[in-house]
Amino acid sequence: MSLTYFREDGALCVESLPLETIAGQYGTPCWVYSRAALEAAYREFEQACAGRETLICYAVKANSNLAILNLFARLGAGFDIVSGGELARVLAAGGAAHKIVFSGVGKTETEMRAALAAGILCFNVESEPELERLSRVADDIGLTAPVSIRVNPDIDAKTHPYIATGLSENKFGVGYEEALPLYRKALRLPRVRVVGIDVHIGSQITAIEPFLAALDRVLEFADVLDATGIRLEHLDLGGGLGIRYRDEEAPAVSDYLARLFSALGERRVKILFEPGRALVGNAGMLLTRIEYLKRGPVKNFAVVDAAMNDLLRPALYRAWHDIVPVRRRTVERVDWDVVGPVCESADFLGLERPLAVEQGDLLALLSAGAYGMSMSSNYNSRPRPAEVIVDGAAVHLVRPRESVESLFASERFLP
Ligand code: LLP
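These numbers come from a predicted model, not from an experiment.

Definitions and cut-offs
Residues numbered from 1 in each chain as written. Predicted model: local features only at pLDDT ≥ 70, side-chain atom pairs only at ≥ 80, totals over all residues. Heavy atoms only, no water. Core = buried A, V, L, I, M, F, W, Y, C linked by side-chain atoms within 4.5 Å. Buried < 20%, exposed > 50% of the residue type's maximum accessible area, 1.4 Å probe, protein only. Helix = DSSP H or I, 4+ residues; strand = E, 2+ residues; numbered from the N terminus. Domains from an automatic or database assignment. Axes fitted to C-alpha atoms, helices over the stretch in contact; angles between N-to-C directions. Parallel < 35°, antiparallel > 145°, perpendicular 65-115°, else oblique. Contact = heavy atoms within 4.5 Å. Nonpolar A, V, L, I, M, F, W, Y, C, P; charged D, E, K, R; others polar. 1 Å grid on protein atoms, 1.4 Å probe; cavity = no way out; pocket = protein on both sides within 12 Å on 5 of 7 lines; lining within 4 Å. Points joined across faces, edges and corners; volume = space filled by probe spheres on them. Near = heavy atom within 4 Å. Polar contact = N/O pair within 3.5 Å; in protein donor to acceptor, adjacent residues only side chain to side chain. Areas by Shrake-Rupley, 256 points an atom, 1.4 Å probe, with all protein chains shown as cover. Sits in = over half its atoms within 2 Å of the grid points.

Q: How should I be thinking about the nonpolar core in this particular structure?
A: Note that soluble globular proteins tend to have their nonpolar side chains buried in a common cluster. Grouped together as the largest cluster of nonpolar side chains are 105 residues, with contacts concentrated most on Phe-72, Phe-123, Leu-235 and Leu-257. Sort the elements by how many residues they give to this core and helix 8 (residues 209–227) lands first, with 9 residues. Residues from two domains meet in this core; each of domain 1 (4–33 + 281–407) and domain 2 (104–273) gives at least three. By size, the runner-up hydrophobic cluster in this structure holds 21 residues, among which are Ile-22, Val-326, Leu-362 and Val-388.

Structure (structure tokens):
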């Protein structure tokens, strides 16, 4: 459990607020984030970057709530976006356009136009046709597009296959053989300005070696570019640093960055990072209530009011989230499959968890700040939960619970 959670009189609290109070005020399920944890995570990156020219571009996809984006913007963060929607969110949250990098393999013309008009820092280009389109769109509107090429270093990040991105078989970036001709081509395009190189090898990576191996390949390539007269303003080393969900030994941010900086040696080029999970993952949880305890001949089910539509990670990746009863009970500890009400057998949040609980109890699903709400859906016509941020003894509602009516308000009958 991270430092921001603790027990007082047997009841679980976030910062200094009991989760029971939050459930009473906002109902369940409810996403609960800690401002102190969000800020501490950002400061950890910032402090480890001291003395280097860097920009920490928060990967918006991890959690795109406006209050969180605004908090990071106020701390000076840049942003890594992957869609026009995320661009609009960052701008609405007060994020600086000149600190935005735009990643993703499928940027549309409309998205390119919007990002060019906003004046973003860099497009991380992932293919030749994308470069051609970007050049054409920039030409159309008379603006110049700052560009990095995303290279695929063909490195095994040793993470879940669904979130590995740095292997040749993945759809991301271009191989080294293609990259040099692509840079040459970019240099010839009048409305394109080459500014950097970009790499991102995957997510929830719990060893430093794959990052170092990717950096090695990037530096080697940067030297090749340098020798051909292509000078880069920045290296974007992507995100991907893992966190502890269960018993993983995720590297400390300071170690991870120290190792990268030491590999960079005397090179004084600006370094960009795109952390998502490491900034928000352990700063959030999903609070849920047990609706029914259903005992069976083979399995026991704790049916809760949150489901796979709220937190998809267990169903999609068999991901583990610690499940902690908010109040300690003296009842017998039993193995429960913690499941939601959605009509899918994959609708579980945790399997065979030994828990001492009673019907009606609150459970906290920990480490759910990243890729929780941002991957949620309205499947089974379930309104999405409220999101709140605890700040000391105060709690702020940063997104109210959706109403059922709002889910179908824009739908129409046939004439
Ligand atoms: N930069 C790029 C280009 C990315 O694609 C990603 C994540 C990041 C940065 C941030 O990675 P992070 O620091 O958060 O690992 N839904 C999955 C994770 C998908 C990650 C997608 N890309 C999950 O719930 O584990």
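Q: Is there a simple way to think about the packing of helix 6 (residues 128–141) against helix 7 (residues 176–188) in this case?
A: A packed helix pair is summarised by two numbers, namely the angle formed by the two axes and the spacing between the axes. Put simply, helix 6 and helix 7 touch, their axes get as near as 11 Å, and they point 10° apart. Judged by the angle between their axes, helix 6 and helix 7 are roughly parallel. Taken together, the residues of helix 7 that come into contact with helix 6 (itself represented by Glu-128, Leu-131 and Glu-132) are Leu-182, Lys-185 and Ala-186. When its residues are assigned to classes, the contact of helix 6 with helix 7 shows 3 nonpolar, no polar and 3 charged.

Q: Before we go on, may I ask you to explain the layout of surface pockets in this structure?
A: The gaps of empty space that remain are located by a probe, the size of a water molecule, rolled over the atoms. The space that makes up the second largest pocket amounts to roughly 620 Å³. Lys-61, Thr-165, Phe-172, His-200 and Tyr-371 are, among the 31 residues lining the second largest pocket, the residues nearest its centre. Broken down by secondary-structure element, the contributors of at least two residues to the lining of the second largest pocket are helix 10 (277–280) and helix 11 (313–317). Per-class residue counts for the lining of the second largest pocket are 12 nonpolar, 10 polar and 9 charged. Shared between two domains, the lining of the second largest pocket takes at least three residues from each, and those domains are domain 1 (4–33 + 281–407) and domain 2 (104–273).

Q: How should I be thinking about the site of the ligand in this particular structure?
A: Taken together, 19 residues sit near the ligand, with Ser-203, Glu-274, Arg-313, Tyr-317 and Tyr-371 positioned nearest. Between the ligand and Asp-80, the relevant distance is 3.2 Å, taken from a nitrogen atom to a side-chain nitrogen or oxygen of the residue. The contact in question runs from a nitrogen atom of the ligand to an N or O atom on the side chain of Glu-274, over 2.6 Å. Considering the ligand on its own, with 590 Å² of exposed area, one finds that the protein chains cover 91% of that surface. At a threshold of 2 Å from the grid points, most atoms of the ligand map onto the second largest pocket. Of the residues that constitute the shell around the ligand, the class distribution is 6 nonpolar, 7 polar and 6 charged. Of the residues that make up the shell around the ligand, three or more belong to each of domain 1 (4–33 + 281–407) and domain 2 (104–273).

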